[in-house]
Amino acid sequence: MCSLSLFPPPPPNSHLTLREVNNELVFGPMCDNCLSTLHSQDLSLPSVFIAQETLKMHSRLEHSAKTAFIHHEETVWKRSINAWRNSGLSGLFDEIANSDGEVPKLLQAASCFFLAVFRWVSSLHGSLYPHLTLSSEDMLAEFSQATDWARCPLRAFAWHPHTSKFAVALLDDSIKVYNAKSETVPILKHRLQKSVAMLAWKPLCASVLAVACQSCVLIWHVDPTSLSTRPSSGCAQVLTHPGHSPVSCVAWSPIGGMLLSASPVDTSMLVWDVSTENCIPLQRVGGGGVTFLSWSPDGSKVVAATPSPVFRVWETCMWTCERWPTLKGRCQTACWSPDGSRLLFTVEGESVIYSLQFSDTGGELLGQVGGSKTASVVADVSETTFEADEGEVRVGGEVQSMAWDPTGERLAVLFKGESENPATRTLIAVFKTNNSPVFQLLPCGFVKGDDGVWPQLISFHPHFQGGALLTVCWCDGKITYIPFYFVTAQLSWPSQGLSPVFFRNRGGRPQELFTEFRQ
């Protein structure tokens, strides 16, 4: 099994990770023009730095507008209708129960009884699924793939699948779209665009962006040839469904025909036909909601995590699913191999990476997911101590998110870390991977940024020439690019029955890495 103890030491203080060349990560001293030079000379990608002080913040408190108007008396029935519209059954019962002298005693007593039953059922449901007691923003922060969604300037990031263009959601609920071939940066704003949790560009389309918001899904149509920096809110479709908020995840099918959306409070995963604005709920009992979605690159499967210790893998032909219970906690993150045959995932409360292999589900296996019977542990990423000039440095622990590059040869793992503990660094571990003819995981190195700055989000460029390009959004509002230059080729594998690959650690003692040749 591969572990962090096999990795080379992380970069020292006052150094950051620049690139990978000749199978080694290159570090360099921090300087003002170091990364900007890398951007302009090597990559021709936009340099982005959005300081939190530049964002025009607004109040997050949800106040009612009725305080702005002169008070006047309303009948109890009109107040009840308004309470029904605003708060549902609980609001209706609460209004009638507190209307002394305005409703019959029998009706008031019945409302008190039903209100007590409603609150008891709600508390029971909350004890089964504690996340339902959280506010919308706390819930999104809890299940986000970002390390600090609530406070960092950058909340969501998405590369366009076909061009060097990306969208980034900011703390003030605006979205900026950057294009390597244009200096125009459109800013997307909408009155319903609040608490943006995820972004997703539609494949095979230049201009359609799906946005997971607090109360809806927004579909922006951003004309790539337009010189306007403020597209009208009329360029956005609004997709809503009762009980489906806040929306935490959106995911397009690889050919762009369907859009999936999910909410931690809704056990249904919605399949949208965006052109007609209609959806079909895919519901299964248990789980308490859906917190994470990811299509396989071949479009045949979808992984859906829940707030409970269970996740599901759906096949997209007959829309049946396999249920996978976990031992300790919920599935935190997952990523697919480029051919869709393997799923790597992590579990909250554990410091390991699991692997599930899937077979081809054609012919007689139509309607079956085809997953392996058990998940295997392929990497141990528990906290490891490295010796450095400035003292001991601890790296590793629970995983926040993972990204697998389109070549299938680099896997980036972002740890949760402890930003308040100077001895524990929140770094990105990068593994070398190969999925054919057998799956292997090898250590590559650590990605580090400026001192005192930790990574917020990670994503690989979808079509980088010459290897892989890791994009990192940092907590200070900076976006950087770390290129991994390598020749895409299969490693030299031993024949069946020979010893697995060995890697020599820092102490010089050979240690065995993960390989499926081991039985």
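Now for a description of the structure that goes with this document. (Residues numbered from 1 in each chain as written. Predicted model: local features only at pLDDT ≥ 70, side-chain atom pairs only at ≥ 80, totals over all residues. Heavy atoms only, no water.)

Here we look at unusual backbone geometry
Alright, step 1. Backbone torsion omega between Ser-245 and Pro-246 reads 0°, so that peptide bond is classified as cis.
Alright, step 2. Here Pro-246 lies in the loop between strand 12 (236–239) and strand 13 (249–252).
Alright, step 3. Of note in the backbone geometry, Asn-22 takes a positive phi value of approximately 55° without being a glycine.
Alright, step 4. Take Asn-22: it is sitting in the loop between strand 2 (15–21) and strand 3 (24–29).
Alright, step 5. You can call Asn-22 exposed: its relative accessible area is 68%.
Alright, step 6. Although it is not a glycine, Trp-319 adopts a positive phi angle of roughly 55°.
Alright, step 7. When you line up the elements, Trp-319 lands in the loop between strand 19 (310–315) and strand 20 (321–325).
Alright, step 8. The buried category is assigned to Trp-319, whose relative accessible area is 17%. (Helix = DSSP H or I, 4+ residues; strand = E, 2+ residues; numbered from the N terminus. Buried < 20%, exposed > 50% of the residue type's maximum accessible area, 1.4 Å probe, protein only.)

Let's talk about the sheet that holds strand 14 (residues 259–263)
Alright, step 1. Spatial ordering of the open sheet is given by 13-14-15-16, a layout of four strands whose pairing is antiparallel. Two strands lie at the open edges of the sheet, namely strand 13 and strand 16 (278–283), each paired on one side alone. Direction aside, the axes of adjacent strands within the sheet are offset by 25° on average.
Alright, step 2. With six bridges joining them, strand 15 (residues 266–273) and strand 16 adopt antiparallel strand pairing. Within strand 16, the position partnered with Leu-270 by the bridge is Pro-281. (Pairing = 2+ DSSP bridges. Axes fitted to C-alpha atoms, helices over the stretch in contact; angles between N-to-C directions.)

A look at the state of the cysteines
Alright, step 1. Here the structure, examined in full by the defined rule, presents zero disulfides.
Alright, step 2. Of all cysteine sulfurs, the one in Cys-475 lies closest to Cys-152, which takes part in no disulfide; the gap is 5.1 Å.
Alright, step 3. Given a relative accessible area of 3%, Cys-152 falls into the buried group. (Disulfide = S-S within 2.5 Å.)

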